[in-house]
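Notes for the structure review
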Amino acid sequence: MVGDFLAQSHPHLGEWTLRRRSVGRYIAALNKVPEDSDIRGTASELTLQLQGCGRLMLIGVHADGRSEVYRAFRCGHRLCPKCAPDLAREVRQDYQAAVKALCAAHGWKAIELTLTLRNVEWPEVEDGIEAICEAYRRLLRLAPVKSIHKGSVRVVEVTKGRDGLAHVHLHVVMLVPKDYGKRGADFIAHRTRVVSWRAVGREKRQTAGDGRQYRDSPWQPIKPEVEEGWVELWRQAARVDYDPAVRVQLATRPRKNRETGQYEARTAEQAVGHAIKYALKPFTESLGEGVDGEALAWLAAGVKGKRLVEPYGALRDAVREEKEQGEDWEAEADAPPLPETVEVY
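The following paragraphs examine the structure supplied in this document. Because the structure is a prediction, the values reported are computed rather than measured.

**Let's talk about the environment of Gln96**
Take Gln96: it is sitting in helix α4 (residues 83-106). For Gln96, a relative accessible area of 22% puts it in the partly exposed group. Here Gln96 is in contact with Glu269, Gln270, Val272 and Gly273, once residues within four sequence places are set aside.

**Quick word on the packing of helix α5 (residues 125-141) against helix α9 (residues 293-303)**
Where α5 contacts α9, the axes come no closer than 8 Å and their chain directions differ by 40°. Judged by the angle between their axes, α5 and α9 are oblique. By crossing handedness, the relation of α5 to α9 is classed as right-handed. Contacts between α5 and α9 involve Val125, Glu126 and Ile129 from the first element and Leu299, Ala301, Gly302 and Val303 from the second. In the contact of α5 with α9, the residues fall into five nonpolar, one polar and one charged.

**Side note on the side chain of Thr116**
Here Thr116 is to be found in strand β3 (residues 109-116). Within the structure, the side chain of Thr116 is placed 2.8 Å from the backbone oxygen of Ala245, a separation counted as a polar contact. When near neighbours in sequence (up to four residues on either side) are disregarded, Thr116 contacts His167, His169, Trp234, Pro244 and Ala245.

**A word on helix α8 (residues 268-279)**
One full turn of an α-helix is made of 3.6 residues, so residues set three or four places apart face in the same direction. Taken together, the buried positions of α8 are Ala268, Glu269, Ala271, Val272, Gly273, Ala275, Ile276 and Ala279. Packing partners of the buried residues in α8 comprise α4, β3, β4 (151-160), β5 (166-176) and β12 (309-313).

Each value, and the rule that gives it
Residues numbered from 1 in each chain as written. Predicted model: local features only at pLDDT ≥ 70, side-chain atom pairs only at ≥ 80, totals over all residues. Heavy atoms only, no water. Helix = DSSP H or I, 4+ residues; strand = E, 2+ residues; numbered from the N terminus. Buried < 20%, exposed > 50% of the residue type's maximum accessible area, 1.4 Å probe, protein only. Contact = heavy atoms within 4.5 Å. Axes fitted to C-alpha atoms, helices over the stretch in contact; angles between N-to-C directions. Parallel < 35°, antiparallel > 145°, perpendicular 65-115°, else oblique. Left-handed = near helix turned anticlockwise from the far one by under 90°. Nonpolar A, V, L, I, M, F, W, Y, C, P; charged D, E, K, R; others polar. Polar contact = N/O pair within 3.5 Å; in protein donor to acceptor, adjacent residues only side chain to side chain.

Here it is, written out as structure tokens:
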């Protein structure tokens, strides 16, 4: 195996070796797809692409013995453990630059949304992706969201749920006015809330926290005024008969660093980069261990031709189109100048 040979001859290429081993596990899982399976053709096609990824490389060897990948033949597939991180880096740079410029020019801030629907069977992944993307477009047309939406990045992620089914969901970073908050007129809560009620027989208004009735109080809610929350708005946009799970938070809210254990503040552009990585990452976080070949093949068929990362509003014109997949010689983004000694594998 090329990866094992490089691990011994060039120990500095540890990340490349791990990615190549992950590709090997993908190929082994795809080869186990039954011949009579409806997805066998896609599995064979994906296998051929992954087998050719990284087979031909230019390794630069410096005078001090350090080795670095200068050029590598890539398959360019969005599910490839080696190519996906580099594709994500290229897309992420464009979106981060656009968000940083817009926030600086208009003073906008960002909120993060995670929008989910019920899991679907793996053969229905393609329909699930189309349905949830269409639901998000309908969400942006709803009046409460339209009044605050300045621009957004919608990212599709598909994972394997605990029930073994496909979990299709969205990661969204939305740009909103700088005065958006709990005390703002256009604020959208997580769930529907009662914002006011009237006293029986009186015109005076009383602000309500939760709309509950109290027997000892003369203030009783009569046709209370309510504001729909994100859960109800997403349910309406998705056209489902249940309350889907929705997570919303300020994008710049401090996050806990797993390595240091400290909470660190983060910017809107960092939140965008974090969201985009979900669309372009390996199917499993364990470097391909335990991957299901049929699920991987159905996922490859489902994402083919789909825009997993898409801008809306002001971001649509601020970022360039997502690059199409293709096989080509590509230099590493941080590749060093070509050393005097070059080895070809």
